[in-house]
Amino acid sequence: MLDGARKEDPARRALVVSDSVFSVDGDVAPLTGLAAACRAHGAALVVDDAHGLGVVGDGGRGAPYAAGLAGAPDVVVTATLSKSLGSQGGVVLGPARVIEHLVNTARTFIFDTGLNPAAAGAALASLRLLSREPERAARARTVAARLHARLTAAGLSAARPDASVVSVRAPGPEQAVRWAADCRAAGLVVGCFRPPSVPDGISRVRLTARADLTDQQVEEAADVIVGTAPAA
Ligand SMILES: Cc1ncc(COP(=O)(O)O)c(C=O)c1O
């Protein structure tokens, strides 16, 4: 596909944009292969590491880092401060030329109020915590793997998590909405994906594994999900 696009008009720049960890199923994009394909075709790669930062890679340094792409001159990473860092706002990481270009031309940056100091400070505090306690990232992945193991052992269909997103398939959209409501009533907040945010036929509830959950809380959460699961 890249080849076709570049051949059609070689003067045009090509940009490949991908999530690192896909937010619905929690699977990881093949970033090393994507980067190699981009290099082979002279394209740039933009990776949204919203669900990777803080969880994937050594000490939660993120999926591009884990794929050996940290500091690469042809890779731009976007990340949110709102997930593992528990704050709000976002960042773009990349070559100085790209950042300078965005600072001078990105309308949503130029005409928007700057990140508020409290959000920046909270994100910074989280980053410092993560660098002091890098084991938190591995713990989040362990919690996700434990949830996945419990849910699939109970016969539920959940994709193997690569980060902290654990997605569990529901028979249909109505059941997914009811399942999420039943979980909430039982004290467990889960996300709910159903059309139009996902295509028909793949409605899900989504759990997000956290490093600070105790083993007992993980078991209790799994009990609630299994105990409220709709009949297939
Ligand atoms: C893959 C992905 N990218 C980006 C975002 C946006 O994050 P925010 O708008 O909170 O910075 C989300 C939020 O759910 C997401 O799932």
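One can find the structure itself at the top, above this paragraph.
Now for a look at the structure at hand. (Residues numbered from 1 in each chain as written. Predicted model: local features only at pLDDT ≥ 70, side-chain atom pairs only at ≥ 80, totals over all residues. Heavy atoms only, no water.)

What follows concerns the site of the ligand. Surveying the vicinity of the ligand reveals the residues Asp19, Ser23, Asp48, Ala50, His51, Thr80, Ser82, Lys83 and Gly89. Between the ligand and the protein, one listed contact pairs an oxygen atom with a side-chain N or O atom of Thr80 at 2.6 Å. Within the side chain of Lys83, an N or O atom sits 2.7 Å from an oxygen atom of the ligand. Contact with the protein chains removes 57% of the 390 Å² of surface that the ligand exposes when unbound. Partitioned by chemical class, the residues of the shell around the ligand number one nonpolar, five polar and three charged. (Near = heavy atom within 4 Å. Polar contact = N/O pair within 3.5 Å; in protein donor to acceptor, adjacent residues only side chain to side chain. Areas by Shrake-Rupley, 256 points an atom, 1.4 Å probe, with all protein chains shown as cover. Nonpolar A, V, L, I, M, F, W, Y, C, P; charged D, E, K, R; others polar.)

The next thing to look at is the pairing of strand E5 (residues 165-169). Among the five residues of E5, four are classified as buried, and the element is accordingly described as predominantly covered. In the sheet, E5 pairs with strand E7 (residues 204-208) via five bridges, with the strands oriented antiparallel. For Val165, the partnering residue across the bridge sits in E7 and is Thr208. (Buried < 20%, exposed > 50% of the residue type's maximum accessible area, 1.4 Å probe, protein only. Helix = DSSP H or I, 4+ residues; strand = E, 2+ residues; numbered from the N terminus. Pairing = 2+ DSSP bridges.)

Moving on, we get to the nonpolar core. Residues Leu147, Leu151, Trp179, Val190 and Ile225 are the most contacted members of the largest nonpolar core, which totals 24 residues. Those elements giving two or more residues to this core turn out to be helix H7 (135-153), E5, helix H8 (173-185), E7 and helix H9 (215-228). No other element matches the five residues that H9 contributes to this core. When near neighbours in sequence (up to four residues on either side) are disregarded, Leu151 contacts Leu156, Val166, Val168, Leu207, Ala222, Ile225 and Val226. Of all hydrophobic cores here, the second largest spans 20 residues; its members include Ala14, Leu31, Ala35 and Ala63. (Core = buried A, V, L, I, M, F, W, Y, C linked by side-chain atoms within 4.5 Å. Contact = heavy atoms within 4.5 Å.)

This part takes up the packing of aromatic side chains. Scanning the model with the defined rule gives zero aromatic pairs in all. Seen from the ring of Tyr65, Arg61 lies directly overhead, with NZ or CZ sitting 5.3 Å from the centre. (Phe/Tyr/Trp six-rings, centres within 6.5 Å; stacked < 30°, edge-to-face > 60°. Lys NZ or Arg CZ within 6 Å of the ring centre and 35° of its normal.)

Put simply, the largest pocket is a space of about 550 Å³. Taken together, 25 residues make up the lining of the largest pocket; nearest its centre are Lys83, Ser84, Leu85, Arg210 and Ala211. Elements that contribute at least two residues to the lining of the largest pocket include exactly helix H6 (117-132), H7 and E7. Residue composition of the lining of the largest pocket, grouped by class: twelve nonpolar, eight polar and five charged. (1 Å grid on protein atoms, 1.4 Å probe; cavity = no way out; pocket = protein on both sides within 12 Å on 5 of 7 lines; lining within 4 Å. Points joined across faces, edges and corners; volume = space filled by probe spheres on them.)

Once that is clear, we can look at the pairing of E7. On a regular strand, one side chain projects to one face of the sheet and the next to the other, so that they alternate. With four of five residues buried, E7 is to be regarded as a mostly interior element. Where strand E6 (residues 191-193) meets E7, three bridges bridge the pair, whose relative direction is antiparallel. From the neighbouring strand, Phe193 faces E7, where its bridge partner is Arg204.

Within this structure, the stated rule accounts for eight salt bridges. Linking Arg204 and Asp25 is a salt bridge whose minimum nitrogen-to-oxygen distance equals 2.6 Å. With Arg204 in strand E7 and Asp25 in the loop between strand E1 (15-19) and helix H2 (31-41), this pair connects stretches of sequence that are 179 residues apart. Residue Arg204 is classed as buried on the basis of its relative accessible area, which comes to 5%. Of the charged contacts in the structure, one is a salt bridge between Glu133 and Arg136, with a shortest N-O distance of 2.8 Å. What makes Arg136 partly exposed here is its relative accessible area of 31%. (Salt bridge = Lys/Arg side-chain N within 4 Å of Asp/Glu carboxyl O.)

Ordered in space as E1-E2-E3-E4, the four strands form an open sheet in which the pairing is mixed. Both edges of this open sheet fall to E1 and strand E4 (90-93), since each of them pairs with a single strand only. For this sheet the average axis-to-axis angle between neighbouring strands, irrespective of direction, equals 15°. By the bridge criterion, four bridges tie strand E3 (residues 75-80) to E4 in an arrangement that is antiparallel. Opposite Val77, over in E4, you have Leu93 as the bridge partner. (Axes fitted to C-alpha atoms, helices over the stretch in contact; angles between N-to-C directions.)

By themselves, these figures tell us nothing about what the structure is for.
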